[in-house]
Amino acid sequence: HTNCDAMYFWRSLDYWRVAVGEDVAVEVEVGTSYNSGSRVPMRFGDYLDYLALCVEQEGKEYEQQENVQKQQQEQTEQEVAYLAQNELFPQVLNDVPI
């Protein structure tokens, strides 16, 4: 659907920070794969800070891409944090036409 606000707004971490709020409690899964994670409660703002660091780090790795195979191996061994099985935030429901 080309007229969906979510496709535009949801790309921005700043949008999520303002729309949802930094103090909203979420559960984040941390692990090396989807089936090896443990759930960690945290503030949504802290999770957004983590995402911002990931974006910054990925940009640096892309610029310094000398050994792609080594980077891919390191990425598969790193733990990642992701929102899992949380309800869609009510603050952004109107962004999606239903």
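Residues numbered from 1 in each chain as written. Predicted model: local features only at pLDDT ≥ 70, side-chain atom pairs only at ≥ 80, totals over all residues. Heavy atoms only, no water.

Visitor: Would you explain the environment of Q85 in this entry?
Guide: Structurally, Q85 can be placed in the segment after strand 3 (80-83). For Q85, a relative accessible area of 69% puts it in the exposed group. Spatially, the C-alpha atom of Q85 lies 9.8 Å from that of V26, the residues being 59 residues apart in sequence. (Helix = DSSP H or I, 4+ residues; strand = E, 2+ residues; numbered from the N terminus. Buried < 20%, exposed > 50% of the residue type's maximum accessible area, 1.4 Å probe, protein only.)

Visitor: Hey, could you run me through helix 2 (residues 13-20) in this one?
Guide: Taken together, the buried positions of helix 2 are Y15, W16, R17 and V20. G21 occupies a position one or two residues after helix 2 and carries a positive phi of about 105 degrees.

Visitor: Would you take a moment to explain the pattern of salt bridges for this structure?
Guide: Pairs may arise between side chains of opposite charge once their charged atoms sit close together. Evaluated as defined, the whole model comprises seven salt bridges. The closest approach of N and O atoms between D49 and R17, which form a salt bridge, is 3.1 Å. Highlighted residues: D49 in helix 3 (residues 44-63) and R17 in helix 2, separated in sequence by 32 residues. Judged by relative accessible area, which is 37%, D49 ranks as partly exposed. For E22, the salt bridge goes to R43, with nearest N and O atoms at 3.6 Å. Placement of the pair is E22 in the loop between helix 2 and strand 1 (25-31) and R43 in strand 2 (residues 38-43), with a sequence separation of 21 residues. Take E22: its relative accessible area is 33%, and that puts it in the partly exposed class. You can call R43 partly exposed: its relative accessible area is 32%. One salt-bridge network, in which partners are shared between bridges, spans R17, E22, D23, R43, D46 and D49. (Salt bridge = Lys/Arg side-chain N within 4 Å of Asp/Glu carboxyl O.)

Visitor: What exactly am I supposed to notice about the sheet that holds strand 3 here?
Guide: Each strand in a sheet pairs with another by means of backbone hydrogen bonds, the pair being arranged parallel or else antiparallel. Strands sit in the order 2-1-3 across an open sheet of three strands; the sheet is antiparallel. Two strands lie at the open edges of the sheet, namely strand 2 and strand 3, each paired on one side alone. With direction set aside, neighbouring strand axes in the sheet form an average angle of 40 degrees. Of the strand pairs in this sheet, strand 1 and strand 2 are connected by six bridges, and their pairing is antiparallel. (Pairing = 2+ DSSP bridges. Axes fitted to C-alpha atoms, helices over the stretch in contact; angles between N-to-C directions.)

Visitor: Help me understand the environment of L13, please; the structure alone is not making it clear to me.
Guide: Residue placement: L13 occurs in helix 2. Among all residues touching L13, those that are not within four sequence positions of it are L48, L51 and A52. (Contact = heavy atoms within 4.5 Å.)

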